[in-house]
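Geometric and topological summary
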Amino acid sequence: MKWLRRLAAWVAVLVVLVAAAGWFYAGRVLPQTDGTLSIAGPHAEIRIERDGLGIPTIKAASIDDAMFGLGFVHAQDRLWQLETHRRIGSGRLAEAFGEAALDNDKFLRALGVKRTAAVQWANASPDAKAVITAYTAGINAYVNGAMKARPPEFVVLGLQPEPWTPQDSMAWLTMMAWDLGGNWTSEMLRMRLALRLPVNRIDELMPPYPGDKPLIGTDYAALFRELKVDARLGQQALNFAPESGVEGIGSNNWVLNGSHSDTGHPLLANDPHLKLSVPALWYFVRIEAPGLKVAGASMPALPGVVLGQNENVAWGFTNTGPDVQDLYIERIKPDDPTQYQTPEGWARFDTFDEVIKVKGKPDVTMTARATRHGPVISDAGRVAEGVIGPALKPTYALAMRWTALDPDPGTLDATIGFNRAKSVAEFIAASAKYVAPMQNMVVADRAGHIGEVSAGRVPLRKAENDLRGQVPSPGWDARYDWAGSLDATLTPREVDPARGWIATANQRIHPADYPHYITNEWAAPYRMQRIEQMLTAKPTHSLDSLHEMQADVLSLATRRLLPFLKKAKSPRPLAAAAQAELANFDGTMDADRAAPLIFWAWARNLTQSVFADEIGEALWARAGRSFRDALEGVLERNDGWWCDDKTTVAVETCEQQIDAAFTQALDELQAAQGDDVPAWQWGRAHIARSEHRPFSHVKRLAKWFELRTPVGGDTYTLNVSRVSLSPDRTTGELYLDEHGPSLRALYDLADLSKSRFMHSSGQSGILFSPLYRSFVEHWAKVEYVPVWSGVAQHTLVLSPAR
C-alpha cells in the first residue's frame, strides 16, 4: 500500500507542476500593457493606453510612429491571426497544417497572390511605403523584442513566428478583395449548368435583378458544346479555392443629414457582413498623432483604420459586388503544351516554379502558369485526367483576369486619405485611388454634408462582347478582352440628395439609365426595402432609432413565400400545431420562436426538391447559392417544369412539392427538437459560429477555441445572420450562421463621444485572455461600446532603444 500512497503523491505533485506551468505560461503569453518597454524602431516615445475593454489609444509624435504602434498592438493581441493571414496570402498553409491544406496552397500559388504582392509593393507610392514599413517594423519589434511566450496555436503546431514583410500586407489586401468578389464562381456555375440545361432555364435558375432582363442574348450552351467543354474544366479551382463571393456576404450602411436627425447633424450607420471568425476580422483602435486623430475598426495585417471616424468625418462601407473577374478558356497548342492561342497566334505561357513545404511530408513542386489575361487557375489541385482530354495532353486551360491582380496598387493610398479627410469632398476625392474590393462608401462630415461613392476599378468590356463576362470566354478571341477601365470619377455617387438620406445594402446602386456596366448580380433588394421603410417611418432619427434598425429581424423575403407555406398540408400529427405557430407569423425571425425554424426547414427542403434533380446532386452540393429568387419565380408562376421531379415516373405539381416539403420539415424538426412544437426555437438550430483557424476542425479543440451563440434573423433581415442550407462539413449541423454583422457601428457627427461600435468576438486573439470572448454576448444582443470615450486603465510606453 505504501507504493500506492507514493504513486498518488507523485501524481499530485505532477498535477500541481503541470497546473503551475500552465498558469505561468498563461501569464507570460498575455501581452504587457503597463510600464515602459525599450524597443528598437520608433523615432520617439509611443504611449499605448488601453481601456477596460482592451481597446488601445495609440499616441505618437508622428504618423509613422503611430503606425509602428498599431503594428505592435496587432502583434500583441492578434499574432496568430497575423500568421494565418500571412500563410493564406502566401499559399503556405500545408507547411503548418499538413497535407490536408496542400490543394488550397496549390490554388493560391496558381492564383499568384504573393507574386502580385511583390509587384504591387515595388509600385507602391512613397506614402503607402512609409506607413507599411512603419507598421511592419511594429509587428517585428514585438516578436523580436517584447514577446515572452508564443500564443497557444504556435505551441500546439510547433511553429515559430516569422518576420512580417510589406508584401504580406499587400497580399492580405488582395485576399480581402477575393473574399468579397465571387463573380468567377457564377461564371463557372453558368458554364456547368449549360452542359445540362438550355439558356432560358438557366436564366430562370439565376434570374436577373428585379425589373431587368437577362444580360446575355447569345446561346452560350451551344458555344460550349461546339468547343467540347465538359464539367471538369476548372473543377479543381472550385474545389480548392478559398471561399469567395458567398451569397449573404454583403453589408448595410445609411447616412442621414441634419434635417432627419434629432441633433441637427448627420448620423451614420454601418454593419459589414463577413465571415464570422475568432478572433474577429476587426480590431478596435484609437490613433492620435500630428495631423491624425481617428478611431474605428482596423484590420490586423493592414495599417490605418478601415472603417471609422476622425474629428471631421465618419464613413462606412458595403460591398458593391462588381463584375471585376472574367474567366478565359485558353486553347493549348496540340503539339506544344507550353503555348496557348492568342488573337495574333500562339504564345508561350509565363511559368513560375513553386515549392510547397508540407508538414511531415516531402516538399511538393508545381509550375504555375499565366497567360496574357492572368493566372491559370485550372493548374490548382490534383488533376487525374488533365483539364480536358488526356492528362498529358489537355485541350484547354482556364485563366482569370481580375482587377485586384493589377500591378498598380492604390487602395492603401485611399485608406490613408480616408483617415485624414476633413470633409465629404476630400473623402470622395481620396476614393479615386481605390482599386479593390469595390465598396459603396457612405460618408458624412461635421459641416452637415452627406455623400456616397462606389469606389473601385471597373473594367470596360467591348460592345461586341456578346458574353458580357457572364461565362468563361474564348481567350483567343479579342472581342472578349477588356478595353481598359472606367474613369474613377464616373462610378456611381451622390452628394447631399434632396431626400436627406442615402442607404446601400448591396442592391443596385445606380438608376436604370446609368450608362456604365458595373454588374448584373446585385443582392436581392429586401434589406434595402426594409431600410427605406424604417427611415421614412419617422421624420427624425436618433442613434437609438438607428440601433433599432440594426437589431431588426423582420424578413421581407420570408413574407413573400409565407402564403405558400400557410396553405401547405401534411398527414403528420404535428402539422396542426405547426400551422398554429405560423398563423400569426409575420416574418419576424425571433430566435425564441418556432415559426422561423418551420419556415426555413420547409424552404430548404422545397428548394432542394424543386431544383436538385434538374441540376444534378453533385452540382447542387457545390452551387453555393440559396436559389431563393429562383424559387420565388417558380412558385409565383406555378412552374410545373421545375416542380416535376425528373427522377420519378410521376409528374409532380408545385402544390405537391409544397406539401411534401412541409412533411419533410416536420419530420426533420421533430427528430431534432422533439414533439412539443411551441417549444421549438429558431435559435437552437440557428447558431452564430465564429470559426477558429484551424482548431474549429479539431473536435477536441473546437469547443475551447471557437465561439457560438444563438441568434435570430436570417439571410434577408437587416440584422443579418446568413442561413447555411448545406450541412456543416465538420459537424453536420444545419442552419448555422457563419456570416453576419462582423462589425456594427453608429456615428454621431454632433458629439463624437456618443458614437458606438461592436464586433463579434473580443479584442484579444489569445485563448487565455478574458478579452478573447468578451464582446460575444453584447454582439448577440446588439449592444455597443464607445468609439471614443474609453478611460485608460493600462498604459504602456514604448521608448526608443538607444
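The coordinates are above.
Residues numbered from 1 in each chain as written. Predicted model: local features only at pLDDT ≥ 70, side-chain atom pairs only at ≥ 80, totals over all residues. Heavy atoms only, no water.

Another point: the overall build of the protein. Scanning the protein from terminus to terminus reveals 26 helices and 29 strands. In summary, the protein has a C-alpha radius of gyration of 27 Å against a globular reference of 28 Å for 802 residues, a match within 12%. Principal axes of the C-alpha set define a box for the protein whose edges measure 85 × 80 × 70 Å. Residues classed as buried in the protein amount to 60% of the 802 residues present. For the protein, long-range pairs separated by at least 24 residues make up 72% of all intrachain contacts whose partners lie at least 6 apart in sequence. Entry remark: accessible area of the protein is about 30,500 Å², with carbon and sulfur atoms responsible for 54%. In the protein, the 83 positive side-chain charges and the 92 negative ones have mean positions that sit 6 Å from each other. (Helix = DSSP H or I, 4+ residues; strand = E, 2+ residues; numbered from the N terminus. Rg over C-alpha atoms; globule rule 2.2 N^0.38 Å. Buried < 20%, exposed > 50% of the residue type's maximum accessible area, 1.4 Å probe, protein only. Contact = heavy atoms within 4.5 Å. Areas by Shrake-Rupley, 256 points an atom, 1.4 Å probe, with all protein chains shown as cover. Lys, Arg positive; Asp, Glu negative; His and termini not counted. Charge placed at Lys NZ, Arg CZ, Asp CG, Glu CD.)

Time to look at the pattern of salt bridges. Inspection of every chain in the model, using the stated rule, returns 46 salt bridges. Its salt-bridge partner being Glu95, residue Arg87 comes within 3.4 Å of it at the nearest N-O pair. Relative accessible area serves as the criterion here: at 2%, Arg87 is assigned to the buried category. Where Arg115 meets Glu354, a salt bridge forms, and the shortest distance between an N and an O atom there is 2.7 Å. (Salt bridge = Lys/Arg side-chain N within 4 Å of Asp/Glu carboxyl O.)

This part is about the packing of helix α17 (residues 556-566) against helix α18 (residues 575-583). In contact at an axis separation of 11 Å, α17 and α18 are set at 145° when each is read in the N-to-C sense. Considering the relative orientation of α17 and α18, their crossing is left-handed. Residues Leu562, Leu565 and Lys566 of α17 pack against Gln579, Leu582 and Ala583 of α18. Looking at side-chain class alone, the contact of α17 with α18 contains four nonpolar, one polar and one charged residues. (Axes fitted to C-alpha atoms, helices over the stretch in contact; angles between N-to-C directions. Left-handed = near helix turned anticlockwise from the far one by under 90°. Nonpolar A, V, L, I, M, F, W, Y, C, P; charged D, E, K, R; others polar.)

Moving on to the nonpolar core. By size, the foremost hydrophobic cluster in this structure holds 219 residues, and its most contacted members are Met67, Trp184, Trp315, Trp602 and Phe611. When residues in this core are grouped by element, the largest group, 13 residues, is from helix α19 (residues 595-615). Discounting residues that sit within four places of it in the chain, Trp602 has contacts with Leu561, Phe564, Leu565, Leu635, Ile658, Ala661, Phe662 and Ala665. Listed in part, the 18 residues of the second largest apolar core include Ala505, Ile531, Leu546 and Met549. (Core = buried A, V, L, I, M, F, W, Y, C linked by side-chain atoms within 4.5 Å.)

A separate point is the sheet that holds strand β7 (residues 292-298). The sheet built from 11 strands is open, its strands ordered β1-β29-β2-β3-β6-β7-β8-β9-β16-β17-β21 with mixed pairing. At either end of the open sheet lies a strand with only one pairing partner, and these are β1 (35-39) and β21 (493-495). Between one strand axis and the next, the sheet turns through 20° on average, direction left out of account. Both strand β2 (residues 46-50) and strand β3 (residues 56-59) contribute to a ladder of four bridges, which runs antiparallel. In the sheet register, Ile48 faces β3, and the bridge partner there is Ile58. Its contacts with the sheet put helix α13 (residues 411-420) on β7, β8 (307-310), β9 (313-319) and β16 (439-445), and the angle it makes with β9 is roughly 145°. (Pairing = 2+ DSSP bridges.)

In this section: the state of the cysteines. The full count for this structure, using the stated rule, is one disulfide. With its sulfur 2.0 Å from that of its partner, Cys643 forms a disulfide with Cys654. Here Cys643 and Cys654 share a disulfide; its torsion about the S-S bond, 95°, makes the bridge right-handed. In this pair, Cys643 is assigned in helix α22 (residues 640-643) and Cys654 in helix α23 (residues 654-673), connecting sequence segments 11 residues apart. The exposure class of Cys654 is buried, given its relative accessible area of 2%. (Disulfide = S-S within 2.5 Å.)

As a further point, take the layout of surface pockets. A water-sized probe rolled over the atoms picks out the places where empty space is left. What the second largest pocket holds in volume is close to 420 Å³. Among the elements of the structure, β21, β22 (501-504) and α15 (526-535) are those that each provide at least two residues to the lining of the second largest pocket. Considering only residue class, the lining of the second largest pocket consists of 11 nonpolar, five polar and six charged. (1 Å grid on protein atoms, 1.4 Å probe; cavity = no way out; pocket = protein on both sides within 12 Å on 5 of 7 lines; lining within 4 Å. Points joined across faces, edges and corners; volume = space filled by probe spheres on them.)

Position of Ile132 relative to the elements: it lies in helix α6 (residues 126-145). Judged by its relative accessible area of 0%, Ile132 is buried. Spatially, the C-alpha atom of Ile132 lies 7.6 Å from that of Leu302, the residues being 170 residues apart in sequence. Sequence-distant contacts of Ile132, defined by excluding residues within four places in its chain, comprise Trp121, Pro166, Ser169, Met170, Pro303 and Leu412.

As a further point, take the packing of aromatic side chains. This model, assessed by the stated rule, comprises 26 aromatic pairs. Relative to Phe418, the ring of Phe317 has its centre 6.1 Å away and its plane inclined at 80°; by these criteria the two rings are edge-to-face. Within this pair, whereas Phe317 is found in strand β9, its partner Phe418 is found in helix α13, the two being separated by 101 residues in sequence. Pair check on accessibility: Phe317 and Phe418 agree, each one buried. By the ring-pair criterion, three or more aromatic residues cluster together here, those being Trp315, Phe317, Phe418, Phe427 and Tyr434. (Phe/Tyr/Trp six-rings, centres within 6.5 Å; stacked < 30°, edge-to-face > 60°.)

Let us now look at empty space enclosed by the protein. Within this structure, the stated rule accounts for 10 cavities of 30 Å³ or more. Taken as a whole, the largest cavity encloses approximately 300 Å³ of empty space. Lining the largest cavity are 23 residues; nearest its centre among them are Met299, Val306, Phe317, Tyr434 and Pro437. Of all the secondary-structure elements, those providing two or more residues to the lining of the largest cavity are α8 (166-180), β5 (267-275), β9 and α13. For the lining of the largest cavity, the residue count by class is 17 nonpolar, six polar and no charged. Here the second largest cavity defines a volume of roughly 170 Å³. Together, 19 residues line the second largest cavity, and Gln120, Leu173, Pro409, Gly410 and Thr411 are the ones closest to its centre. Contributions of two or more residues to the lining of the second largest cavity are made by α6, α8 and α13. The element contributing the most residues to the lining of the second largest cavity is α8, with four residues. Counted by class, the lining of the second largest cavity contains 11 nonpolar, five polar and three charged residues.

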